[in-house]
Amino acid sequence: MTLLAVQSLSKSFGGVVAAQDVDFALERGEMLALIGPNGAGKSTVFNMIGGQLRSDHGQVLLDGQDITAISPQARFRRGVGRTFQVAQAFLSMSVAENVQMALVSRARESRALWSPARKRHREEALMLLDRVGMADAADRPCSALAYGDVKRVELAIALAGQPKLLLMDEPTAGMAPRERAALMDLTASIAASEGIGVLFTEHDMDVVFGHAGRVLVLLRGRIIASGAPDEIRSNPDVQQAYLGDDHALAQPTGAEAP
Ligand code: ADP
Ligand code: MG
């Protein structure tokens, strides 16, 4: 069965149509990029899937079950995960403790049990950190990590929720190009091996065309194209949509302007 089905999802803010009849499906293990110029409606679509934003109409189905009307917490428990920035408050905690907190919250253990909770789930946290290549840094404070490593910890925290679907809104923002590719390689390998469907937005076209299995293009709230990265890159409607935008669809290599 299809993991995620988005049907006729629409949202307006006053006179601004942020999403209009957005329709798409996402399968297990698939890396699906949602791209479009600034203001196209990407975050709006994300937030309607995550439940942070209520749609005007349309449906979101996870494993065939309608989750359109349920809270973000209820969606999380059904397997809708997303990456969040490690909060300032948690930077002083160790890498492992941050992941342990996520495991505590998945298990819905009381925050009042904070202190013992810090000791629980250590082994599982270490396994998740190993999955993202951060086991060696388990006992370092998050504040001491390089930015790219913090992003790996954020991925481990998201995986602690055992998502079926992982939503990543601009996961590589602020990262250097090489770190971006590494993070998305890692994400793709975990998605494939664990059968997690990943929906991500991304400004860096090298990341989009290098890591997405399929690409959806949003323009003024509507999907104007959908297909394999190569099809999307050569689609005239897509090129038109990006004209004058600062995120032009660059060719992968050697395509420097004369
Ligand atoms: P993207 O993530 O693709 O840059 P957004 O989904 O953030 O686009 O925004 C789509 C459109 O909806 C934009 O015109 C934006 O100004 C508008 N918008 C988004 N969120 C709100 C909001 N909470 N209130 C009013 N307008 C909003
Ligand atoms: Mg956005």
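Residues numbered from 1 in each chain as written. Chains lettered and ligands numbered in written order. Predicted model: local features only at pLDDT ≥ 70, side-chain atom pairs only at ≥ 80, totals over all residues. Heavy atoms only, no water.

Let's talk about the overall build of the chain
Moving on, step 1. Counting its secondary structure elements, the chain contains 10 helices and 10 strands.
Moving on, step 2. Here the chain holds 258 residues, and 47% of them are scored as buried.
Moving on, step 3. Taking contacts inside the chain between residues at least 6 apart in sequence as the whole, the part at least 24 apart equals 65%.
Moving on, step 4. With an accessible surface of roughly 12200 Å², the chain has 50% of that area assigned to carbon and sulfur atoms. (Helix = DSSP H or I, 4+ residues; strand = E, 2+ residues; numbered from the N terminus. Buried < 20%, exposed > 50% of the residue type's maximum accessible area, 1.4 Å probe, protein only. Contact = heavy atoms within 4.5 Å. Areas by Shrake-Rupley, 256 points an atom, 1.4 Å probe, with all protein chains shown as cover.)

Comments concerning helix H5 (residues 122-131)
Moving on, step 1. Residues of H5 that are buried: Ala125, Leu128 and Leu129. One side of H5 carries all its buried residues, which in axial view fall inside an arc of 100°. Every exposed residue of H5 that faces more than 90 degrees away from the buried side is listed here: Glu123, Met127 and Asp130.
Moving on, step 2. Those residues of H5 hidden inside the fold are in contact with helix H3 (95-106) and helix H6 (147-160). (Arc of directions from axis to C-beta.)

Quick word on the site of ligand 1
Moving on, step 1. Surrounding ligand 1, one finds Phe13, Val16, Ala18, Pro37, Asn38, Gly39, Ala40, Gly41, Lys42, Ser43 and Thr44.
Moving on, step 2. Between an oxygen atom of ligand 1 and a main-chain N or O atom of Ala40, the distance comes to 3.2 Å.
Moving on, step 3. In this structure, an oxygen atom belonging to ligand 1 sits 2.6 Å away from a side-chain N or O atom of Thr44.
Moving on, step 4. Relative to its unbound accessible surface of 560 Å², ligand 1 loses 57% to contact with the protein.
Moving on, step 5. Among the secondary structure elements, those contributing two or more residues to the shell around ligand 1 are strand E2 (16-26) and helix H1 (42-50).
Moving on, step 6. Residue contributions to the shell around ligand 1 peak at three residues, all from H1.
Moving on, step 7. Broken down by class, the residue content of the shell around ligand 1 amounts to five nonpolar, five polar and one charged. (Near = heavy atom within 4 Å. Polar contact = N/O pair within 3.5 Å; in protein donor to acceptor, adjacent residues only side chain to side chain. Nonpolar A, V, L, I, M, F, W, Y, C, P; charged D, E, K, R; others polar.)

A short note on the pairing of E2
Moving on, step 1. For strand E1 (residues 4-13) and E2, the ladder comprises seven bridges, and the chain directions are antiparallel. Residue Ser12 lies in a different strand from E2, and its bridge partner there is Val17.
Moving on, step 2. Between E1 and E2, which pair antiparallel and follow one another directly, the connecting turn spans two residues, one of which, Gly14, has a positive phi of 60°. (Pairing = 2+ DSSP bridges.)

A few points about the confidence of the model for the chain
Moving on, step 1. For the chain, per-residue confidence averages 89 on the pLDDT scale, and residues scoring 70 or more make up 89% of the total.
Moving on, step 2. Between residues 251-258, whose pLDDT stays under 50, and residues either more than four places distant or in other chains, the model counts three contacts. (pLDDT = per-residue confidence, 0-100.)

Describing the side chain of Lys151
Moving on, step 1. Relative to the elements of secondary structure, Lys151 occurs in helix H6.
Moving on, step 2. Residues contacting Lys151, with those up to four places away along its chain left out, are Gln85, Pro171, Ala173, Met175 and Leu183.

Some points on the pairing of strand E4 (residues 57-62)
Moving on, step 1. Pairing of E1 with E4 involves five bridges; the strand directions are antiparallel. Bridging from a neighbouring strand, Ala5 pairs with Leu61 of E4.
Moving on, step 2. Where E4 and strand E5 (residues 65-66) come together, two bridges link them in antiparallel fashion. For Leu62, the partnering residue across the bridge sits in E5 and is Gln65.
Moving on, step 3. In this antiparallel pair of consecutive strands, E4 and E5, the connection spans two residues, and Asp63 shows a positive phi of 50°.

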